[in-house]
Amino acid sequence: SSVTGINSLFYSSPYLKEVNIDISSNVISTYQTFGYCRNLQKVAGNWDTQNVTDFYYMFYDNKNLTYVPDIDYSSATRTQSMFNGCDSLRITPEINAPNLSNADSMFANCHNLKKVKIVNMSNPSANSFSSCFSNCRDLTTVEISNPRIAPTGNNGLNNFFQGCYNLQTVPY
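The paragraphs below set out a description of the structure included in this document.

What counts and how
Residues numbered from 1 in each chain as written. Predicted model: local features only at pLDDT ≥ 70, side-chain atom pairs only at ≥ 80, totals over all residues. Heavy atoms only, no water. Helix = DSSP H or I, 4+ residues; strand = E, 2+ residues; numbered from the N terminus. Contact = heavy atoms within 4.5 Å. Buried < 20%, exposed > 50% of the residue type's maximum accessible area, 1.4 Å probe, protein only. Pairing = 2+ DSSP bridges. Salt bridge = Lys/Arg side-chain N within 4 Å of Asp/Glu carboxyl O.

Here we come to the environment of Asn159. Along the chain, Asn159 falls in the segment after strand 5 (141–144). Counting along the chain gives 36 residues from Asn159 to Asn123, while the straight-line C-alpha distance between them is 19 Å. Ignoring anything within four residues of it in the chain, the contact list for Asn159 reads Ser131, Cys132 and Ser134.

Written out as structure tokens, the structure reads:
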């Protein structure tokens, strides 16, 4: 497929509950693909996201989302608010994002998120990861394999775990 962007493809589709979609390696942007699909529960398919740089707002405010396939973040630079407001999401695919520059509010308001595994978010030119996990009330464990998360922008790590009342383990 020669499609390079699937921006807003299903944006604000209130009755969409499940979708099976293949994403080819030609895709570089997924901005708001499923944003405001408040009844979406599951997204499946063959995802080759190795060249996607923009994931921001991809699943924004998907209140009923419980499952997403593995995501290759190796080229990702922007993931801000990617899962913001995904209340029903309990686990996420492993995060290995060495080129990430902005992850502001990536998982903010994912109230039922329990565990996250971060393999790499160590881009030396990262700008801001503020509020990345803010208000993830049920988050108990964050596994970090490469603890070098140090954005250089003005917001840096502000409110990174703000409102994570049940957070017990962040091995650093």
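There is more to say after this.
Let us look at the environment of Ser122. Looking at the secondary structure, you find Ser122 in the loop between strand 4 (115–120) and strand 5. Ser122 sits in the buried class, given a relative accessible area of 11%. In sequence terms Ser122 and Asn96 are 26 residues apart; their C-alpha atoms lie 9.3 Å from each other.

Turning our attention to the sheet that holds strand 5. The three strands are arranged 3-4-5 in an open sheet whose pairing can be described as parallel. Of all strands in the sheet, those bounded by a partner on one side alone are strand 3 (95–96) and strand 5.

This part is about the pattern of salt bridges. Throughout the structure, instances matching the rule amount to seven salt bridges. For Lys63, the salt bridge is made with Asp61, and the minimal N-O distance between the two is 2.8 Å. Given the relative accessible area of 8%, Asp61 is considered buried. The partner of Lys117 in a salt bridge is Glu94, and the shortest N-O contact between them spans 3.6 Å. In this pair, Lys117 is assigned in strand 4 and Glu94 in the loop between strand 2 (42–44) and strand 3, connecting sequence segments 23 residues apart. Overlapping salt bridges, with partners in common, bring together Arg38, Asp61, Lys63 and Asp87 in one network.

Without other data, these values stay purely geometric and don't point to any function.
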